[in-house]
Amino acid sequence: MIAAVIALPALSAALLLSLGNRTNKFGPWMAIGASASSFLIGFWQFLQMLARPEEERTVITTVYEWLAVPAAGFKVDFALQLDQLSISFVLLITFVGTLIHIYSLGYMSHDENQRRFFAYLNLFVAAMLLLVLADNYLLLYVGWEGVGLASYLLIGFWQHKPTAAVAAKKAFVANRVGDFGLSLAIMTMFIVFGSVSFSDVNEGVLGAPAWVSLTIGLLLLLAACGKSAQFPLQSWLLDAMEGPTPVSALIHAATMVTAGVYLIVRSASIFNASEVAQTAVIVIGAISLLMGAIIGAAKDDIKKSLAGSTMSQIGYMVLAAGLGPIGYVFAILHLITHGFFKAVMFLGAGSVMHATDDNVDMRRYGGLSKVMIFTTITFFIGYLAIIGIPPFAGFYSKDHIIEAALSHSWWAGAAVLFGAGLTAFYMTRMVVMTFFSKPRWEDDVHPHESPLSMTLPMILLSIGAASMGIILTNNHMFEHWLEPVTGFVEPEPPFSIQTITIITLSVVATGVLAAIWQYRKIAKVAPKKVSFAVTAARKDLYGDVMNEALLMKPGQALTRALNIFDKSVVDGFVNGLGLFTGGISSRLRKSETGYVRSYAMSIVLGTAILVIVLLIVRL
Amino acid sequence: MNPDAYLVLSGIIFSIGTLGVLLRRNAIVAFMSVELMLNAANLAFVTGARVWGNLDGQTAAFFVMVVAAAEVVIGLAIILTIFRTRNSASVDEASLLRW
Amino acid sequence: MNFPWLLIILLIPLIASVLLFIPKKYVIFKDQQIALYSSLITLLFVIVVALQFDTSSNAATQFDISFDWIPVFGISFHLGLTGISLVLIALTAVLTPIVILATEHEGQKKNREFLMWILLIEASALAVFLARDLFLFYVVFEAMLVPIFFLVGRFGGPRKNAAALKFILFGLAGGLVMLAALIWLYFAAATQLGRGTFSISALSNELNLDIWTERWLFLGFFFAFALKAPMVPGHTWLPDTAEQATPGTSTMLIGILDKVGTYGMLAILLPIFPNASKEFAPAIIGFAVFGVIYGALIAIAQKDMKRTFAYISISHFGFIVMGIFSFTSIGMIGSTIYMVAHGLSTAGLFLTAGYLIRQKDNSLIQNFGGLTKAAPVMTGLFLVAGLASIALPGMAGFVAEFMVLTGTFQVYKIPAIIATLAIVLAAIYMLWLYQRVFTGNENKDSKNIVDLNKKQILILSPIVVLTVLFGFYPTPIIKIAETSIANTMTYVGVTDPQPIIEKVVSK
């Protein structure tokens with residue numbers, strides 16, 4: 001039954017891609033149907049799971065034997081693991097995914113390749129579901145690269161734009177750097193435990209020496225960095241905004257980029273066993289959440305600003321996941337609430353772009369609240385959720401992460417608190433520049449509200465963004481729900497929870513006020529003369545510059561040099577050998593004079609020499 | 001019977017033939033020198049047959065004669081053709097088959 | 001004697017290559033049809049044999065068929081089927097009809113000759129994979145050079161003669177060294193066993209050479225196989241040949257014939273020279289890893305599509321050799337799957353790009369760009385073939401590459417880690433190529449490019465289907481190859497490493 005959740009969108013994608021233009025008419029509806037039925041099946045499975053007692057909630061379904069070399073004790077099944085963690089993801093992916101399918105119906109209605117777009121979306125949903133449902137790391141890897149492929153195809157969906165093609169490639173390559181870590185982690189698991197399934201690895205790691213958990217932990221962290229755009233592999237995410245906006249909402253905000261967090265939480269016991277690996281996770285999370293926030297605060301492109309925000313919010317999740325059992329639950333909680341509020345904001349951004357002739361520059365927005373009521377309200381709910389105003393969803397998830405971080409160490413706590421202030425700042429900036437302040441759009445632009453197919457998903461998502469926090473944390477429901485899978489320890493922060501809430505809210509208020517003060521007047525063109533810090537933030541904190549200087553340029557030089565080496569030295573040796581042989585023979589052939597008498601002479605001499613040699617030898 | 005004299009004679013004829021091939025430019029003469037060498041060999045064969053008292057050497061001599069006859073037919077034909085086309089029977093001038 | 005299945009499989013393409021020259025008034029079939037039908041019949045027979053193949057049997061070979069050939073030297077015409085040969089003849093039988101269908105334009109006026117050579121390649125490939133007599137193997141190993149030599153030299157690009165010459169010189173150089181080693185091996189065997197024999201099974205079961213002889217003989221054979229495979233640094237003939245050859249020729253050459261090198265290592269080197277193999281393994285793994293990275297890096301810098309594919313293959317052959325010399329079941333089975341996956345993806349790349357190259361008569365990357373709109377299907381199929389080639393999970397290449405890397409990692413940690421870097425490089429060379437050829441702005445020329453028609457899509461679809469099928473269900477290949485790999489492991493005298501920590505729960 002659970003296999004159908006994956007099979008439906010996969011089949012739909014396969015049909016749409018292989019049948020081609022014949023499916024143009026009903027294709028999008030079929031894709032929506034596939035995604036929606038996945039959600040319904042997932043929801044049915046969820047209800048069934050609720051009906052079972054807690055200890056029987058993990059169900060592993062072996063579909064078939066995928067890879068088995070009995071002689072080497074190597075066996076990987078195509079098996080799906082349904083438990084509290086994976087069903088949470090299934091619901092998030094299929095629910096948000098279906099809504100974004102519906103949204104795309106309106107958003108992509110003018111694109112001639114609409115069918116292909118929906119096929120890729122289905123492919124993504126299938127791969128993402130495989131990622132979260134796999135019961136072993138190798139099968140997870142299939143989904144892991146599958147979503148990477150879907151992301152590649154969708155970022156580069158407008159392939160005629162060279163920038164899109166470059167961004168797509170960059171995303172894939174950065175992901176592959178992460179995959180390098182994941183491959184090695186899986187191989188290490190196999191040689192250490194003789195198995196790559198979650199259960200075997202998680203049990204095996206308990207009795208393993210320290211280097212095992214440290215090695216695997218760091219390798220998995222590298223994988224997570226690639227997929228989740230964490231430092232130092234973050235630079236692809238901003239470029240990925242070249243893709244259509246629904247893609248940014250689904251893949252580069254709500255689901256795929258959070259796969260790294262899933263990976264870390266899924267490998268809880270590995271990280272629990274290695275404090276060094278955990279610290280590394282926290283440090284990476286802290287750096288990324290601050291970097292993302294700083295980048296988000298400097299961008300005038302609304303999607304890039306949101307992308308910076310995504311990186312920052314995932315930094316929160318990664319940091320929480322690094323805290324161990326006190327953080328896993330909250331990492332996932334934040335992941336889910338973030339899925340809702342970030343998706344609604346991306347869809348809102350798409351709606352705004354739709355209204356302003358695909359303009360992404362916030363400096364040319366302003367005052368859109370007057371013409372786009374639904375977009376403004378839903379976006380504003382998302383805004384309240386992300387900066388953590390009670391009772392919106394983000395408040396609950398972020399506040400818990402702050403508590404957990406503070407109970408871990410002062411620096412982790414400081415990072416998340418400072419991040420909360422920055423979040424409030426850049427989000428307020430975005431809302432002010434886009435929806436309030438004076439209109440700054442061109443005269444020939446006539447902003448209008450988007451059609452129902454676009455506003456409806458936004459409304460539904462914003463309801464989630466508003467209410468998810470209260471619903472899930474009511475009576476510690478979510479903690480109890482996930483505890484059997486991830487474990488849970490109540491955080492014990494140095495201050496009382498009320499104090500932390502007050503501190504957090506005042507930091508957030510400071511950020512909001514600072515942004516309102518700073519952006520009381522907005523220039524239509526970004527000011528040129530700015531401080532070094534702003535310049536750095538606008539250039540993504542020199543992420544690309546570093547990649548270029550450290551990897552790309554030397555790499556290109558190396559490949560060119562090797563190519564020349566191969567041609568001149570390796571092949572040169574071969575050709576040289578040929579030339580040498582040719583040279584010798586062209587000299588030797590001069591002895592062929594064409595004079596019969598000299599040939600006769602050489603026969604006589606040769607015979608004479610032969611006779612003499614024979615005589616000598618005989619003696 | 002003492003074959004020395006025969007063999008010495010055969011050696012002398014053979015040497016004359018060899019020198020003829022090496023030194024003379026005229027194709028006909030060179031050709032005749034080759035015949036001389038063959039006949040020198042025949043003489044040695046026949047001497048051997050006589051010394052050993054069997055027919056092996058004589059048989060070989062007949063083979064040589066047959067081959068020589070065949071060679072004369074083809075060789076003369078070639079020489080004749082060359083002479084017709086080039087108006088010369090000099091072996092040094094027909095040196096087209098060089099490197 | 002049982003029904004001579006293998007002999008028939010071998011004879012069909014040979015007979016068909018003769019039938020091509022029957023004057024047309026006596027036959028109703030066109031040349032193309034004769035070639036196609038015969039290759040399909042071969043495929044049918046191979047399928048029948050594969051279905052009868054007993055995977056549970058421990059026998060070294062099945063379907064044996066043997067005649068005395070030159071009894072004085074103990075040479076027999078001995079065909080036999082091991083698991084590995086079955087996998088490779090199946091690959092040959094699948095790719096040949098596809099190539100024949102996809103290259104109907106390549107022969108042009110000399111189409112009959114073109115088809116003859118293709119069929120002869122099929123026959124020689126089948127023979128070399130089935131040969132169980134080392135002398136027969138050697139003869140076919142050398143004979144294989146001829147069809148490719150003529151295909152490159154008579155149907156290739158502007159510098160075809162140089163390429164053909166280079167190809168055959170490399171082939172002969174390897175073959176010559178192998179011949180010397182073969183003769184030495186014969187006398188060594190004759191001295192030790194009291195009878196001269198070229199039987200592969202006799203040589204691997206009974207022979208016990210002294211170590212220095214074994215080392216030299218190993219190197220002799222290895223030299224030939226490494227040039228054929230090709231391994232860096234003996235690889236430079238491949239880019240030149242692939243650049244000048246037609247796509248169909250390249251598919252046959254790289255997709256099938258180059259596998260003879262790696263097949264020889266697996267099926268001949270390891271069983272006959274187990275001790276030397278073990279001694280040289282670390283060095284060979286080093287060369288292989290170097291080739292993996294070296295090929296991938298140079299592939300990035302290529303300006304010509306066909307040369308890029310050639311360097312990609314060089315990188316992939318590094319993987320295959322690495323898996324073989326890891327001496328682990330996983331690595332060797334991985335290499336076997338890799339040979340299939342590589343054959344399929346190479347065919348996909350060369351044939352899809354071939355349709356494109358034909359339209360411009362040029363394979364320089366800079367001449368293309370922005371084809372997505374004009375040729376969406378071609379773009380899609382090329383991307384699928386490219387992703388198959390860079391081992392995207394869900395494709396056969398992934399299973400193979402992962403198994404090769406895991407097998408190597410079990411024994412050689414650092415080389416495996418370095419080789420894993422190639423997955424990043426692979427993404428760069430393939431996606432950058434795709435980006436430059438297919439995406440970007442549409443220019444004047446790219447509008448004139450015609451997309452694949454239905455027939456062409458149909459021709460290429462088996463490649464895609466098989467690649468995905470083996471990606472999700474590689475069990476058939478594993479089951480077939482398992483026994484021969486286990487036998488090889490026994491010959492070499494190695495066992496699989498055990499997990500460092502015993503499983504807590506044994507399933």
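Residues numbered from 1 in each chain as written. Chains lettered and ligands numbered in written order. Predicted model: local features only at pLDDT ≥ 70, side-chain atom pairs only at ≥ 80, totals over all residues.

Asks: Looking at this model, I keep getting lost on the arrangement of the chains. Mind explaining?
Replies: No other pair of the two pairs of chains in contact has as many contacts as chains A and C. With no contact formed, the shortest span from any C-alpha in chain B to any C-alpha in chain C equals 22 Å. (Contact = placed C-beta atoms within 7 Å.)

Asks: Explanation requested: the interface of chain B and chain A in the structure shown.
Replies: One widely used convention gives an interface's size as the accessible area the parts lose upon coming together. At the interface, 10 residues of chain B touch 11 residues of chain A. Among the residues making up the side of chain B that touches chain A, the classes are represented as six nonpolar, two polar and two charged. (Nonpolar A, V, L, I, M, F, W, Y, C, P; charged D, E, K, R; others polar.)

Asks: Help me understand the interface of chain A and chain C, please; the structure alone is not making it clear to me.
Replies: Contacts between the two partners involve 47 residues from chain A and, on the opposite side, 50 residues from chain C. Secondary-structure elements contributing two or more residues to the side of chain A that touches chain C are strand 1 (59-69), helix 5 (137-155), helix 6 (162-193), helix 7 (198-204) and helix 23 (543-588) of chain A. Sort the elements by how many residues they give to the side of chain A that touches chain C and helix 6 of chain A lands first, with 17 residues. Each residue belonging to the side of chain A that touches chain C can be placed in one class, and the counts come to 26 nonpolar, 11 polar and 10 charged. (Helix = DSSP H or I, 4+ residues; strand = E, 2+ residues; numbered from the N terminus.)

Asks: Explanation requested: the environment of S38(A) in the structure shown.
Replies: Residue and element names in this part refer to chain A. The residue S38 is located in helix 2 (residues 27-51) in this model. The spacing of S38 and G97 is 59 residues in sequence and 10.0 Å in space, taken between C-alpha atoms. Not counting residues within four places of it along the chain, the set of residues in contact with S38 comprises V5, L8, P9, T94, V125 and L129.

Asks: Would you mind going over the nonpolar core with me for this structure?
Replies: Considering soluble globular proteins, one finds that nonpolar side chains tend to be buried as a cluster. L129(A), L220(A), A343(A), V344(A), A465(A) and I337(C) are the most contacted members of the largest nonpolar core, which has 424 residues in total. Ranked by residues supplied to this core, first place goes to helix 6 of chain A with 19 residues. When residues no more than four places from it in sequence are discounted, the contact partners of L129(A) are V5(A), I6(A), S38(A), V90(A) and I93(A). (Core = buried A, V, L, I, M, F, W, Y, C linked by C-beta atoms within 7 Å. Buried ≥ 20, exposed ≤ 12 C-beta atoms within 10 Å, placed from the backbone.)

Asks: Is there a simple way to explain the environment of L297(C) in this structure?
Replies: Turning to its location among the elements, L297(C) is positioned in helix 13 (residues 274-301). Using a count of 23 C-beta atoms within 10 Å as the deciding quantity, one classes L297(C) as buried. Residues L297(C) and I312(C), spaced 15 residues apart in sequence, show a C-alpha to C-alpha distance of 9.1 Å. Other than its neighbours up to four places away in sequence, L297(C) contacts L558(A), T559(A), L562(A) and L425(C).

Asks: Got a minute to help me understand the environment of V432(A) in this structure?
Replies: All names here are of chain A. The topology assignment puts V432 in helix 18 (residues 410-434). Between the C-alpha atom of V432 and that of I516, which follows or precedes it by 84 residues, the distance is 7.3 Å. Setting aside residues up to four positions removed in sequence, V432 forms contacts with S437, A515, I516 and Y519.

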